[in-house]
Amino acid sequence: MVNRAHSANRKGLMKNTQREERLQEAIKAHAQLKASSDPINVAKLARDFDVDYTSLRRHVRPKGQASRTESLGKRQKLSPEKEKQLLELVLEFSSRGLPMSREDIRQYATHMANNRKQGPRVTLGKNWPADWLVTAVAMRSVAQAAVPNVV
């Protein structure tokens, strides 16, 4: 029984080694295609070398590629500074007993986002204020007392 287990471990180790070798070959092939400026199809390379697509993609991803956090930041409608200004405006109105409606928040935010010299005009969806309020509350505990007054 022990011999079979030992043998199974060796077979598994050999499979891992072979898989790793195929992955390294696929990475080299990707580098050669990249140097020759031929179109690169990572899925086809993964099939040709019998390796997992996700593993190959992770290994050949450009080093300078933006992380998920960075790429999401580029799609952000308002800069952090403008979000802070908007939050201060909402808090100011709320402290004076004049809570802003979500439509008011959306209109102010749209105006702030489009108040720049260049770039395409920004449009905010009808649910943007609700999503933004959740983020604002999470980011700034001071707002928790005033933000719920928004109707």
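So, how was this worked out
Numbers given to residues run from 1 along each chain, matching the order in which its sequence is written. A pLDDT threshold of at least 70 governs which residues receive local features in this predicted model, and a stricter bar of 80 or more applies before side-chain atom pairs are shown or counted, although totals over entire chains, interfaces and linings include all residues. The basis for the side-chain values is all heavy atoms of the structure; hydrogens and waters are excluded. Numbering goes from the N terminus for both helices and strands, where a helix is a DSSP run of H or I of at least four residues and a strand is a run of E of at least two. Partly exposed residues are those whose accessible area sits between 20% and 50% of the maximum for their type, while under 20% is buried and over 50% is exposed, using a 1.4 Å probe and protein chains only. What makes two residues a contact is simply this: any of their non-hydrogen atoms within 4.5 Å. Throughout, the Shrake-Rupley method with a 1.4 Å probe supplies accessible areas, and for residues the shown protein chains are the sole cover considered. The rule is short: rings of Phe, Tyr and Trp, with Trp giving its six-membered ring, pair when the centres are within 6.5 Å, and they are stacked under 30 degrees, edge-to-face over 60, tilted in between. Here, the term nonpolar core denotes a set of buried Ala, Val, Leu, Ile, Met, Phe, Trp, Tyr and Cys residues that are joined through side-chain atoms within 4.5 Å. Any helix carries an expected span of 1.5 Å times its number of residues minus one. Across the chain, each position has a pLDDT score giving the predictor's confidence in that residue, from 0 to 100.

### Points about the overall build of the protein
(1) Moving on: Helix and strand counts for the protein stand at seven helices and zero strands.
(2) Moving on: When the elements of the protein are put in sequence order from the N terminus, they spell out α-α-α-α-α-α-α.
(3) Moving on: Counting every position in the protein, which comprises 151 residues, the buried fraction comes to 23%.
(4) Moving on: Contacts spanning at least 24 positions in sequence make up 54% of the contacts within the protein whose residues lie at least 6 apart.
(5) Moving on: When the accessible surface of the protein is summed, it comes to about 11400 Å², and 52% of that surface belongs to carbon and sulfur atoms.

### Details of the packing of aromatic side chains
(1) Moving on: Counted according to the given criterion, the structure contains two aromatic pairs.
(2) Moving on: Here the aromatic rings of Phe93 and Tyr108 are separated by 6.4 Å at their centres, their planes lie at 55 degrees, and the arrangement is tilted. One end of the pair, Phe93, is in helix α5 (residues 80-95); the other, Tyr108, is in helix α6 (residues 102-114), and 15 residues separate them in sequence.
(3) Moving on: Relative accessible area serves as the criterion here: at 36%, Tyr108 is assigned to the partly exposed category.
(4) Moving on: Aromatic pair Trp128 and Trp132: ring centres 5.9 Å apart, planes at 10 degrees, arrangement stacked. Taken together, the residues span about one helical turn, with Trp128 and Trp132 both in helix α7 (residues 128-139) at a distance of four residues. Considered together, Trp128 and Trp132 belong to a single accessibility category, that of buried residues.

### Re unusual backbone geometry
(1) Moving on: Despite not being glycine, Asp50 has its phi angle at roughly 55 degrees, a positive value.
(2) Moving on: Classification of Asp50 as exposed rests on a relative accessible area of 54%.

### Details of the nonpolar core
(1) Moving on: In terms of nonpolar packing, the biggest core is built from 16 residues, with Leu78, Leu86, Ile105, Ala109, Trp128 and Trp132 touching the most fellow members.
(2) Moving on: The next biggest cluster of nonpolar side chains, apart from the first, holds nine residues, and it includes Ala26, Ala29, Leu45 and Ala46.

### Description of α5
(1) Moving on: Its 16 residues place the ends of α5 22 Å apart at the C-alpha level, agreeing with the 22 Å of an ideal helix rising 1.5 Å per residue.
(2) Moving on: Once α5 finishes, Gly97 follows within two positions and takes phi at roughly 85 degrees, a positive value.

### Some points on the confidence of the model for the protein
Low-confidence regions, as indicated by low pLDDT, have predicted coordinates that should not be scrutinised in detail.
(1) Moving on: In the predicted model, the protein carries a mean pLDDT of 78, and 72% of its residues have values of at least 70.
(2) Moving on: Looking over the protein, one finds the lowest element-wise mean pLDDT in helix α4 (residues 68-74), namely 65, and the highest in helix α2 (residues 42-49), namely 92.

### Some details on the environment of Phe93
(1) Moving on: Looking at Phe93, the relative accessible area reads 27%, which means it is partly exposed.
(2) Moving on: Sequence-distant contacts of Phe93, defined by excluding residues within four places in its chain, comprise Leu98, Pro99, Met100 and Tyr108.

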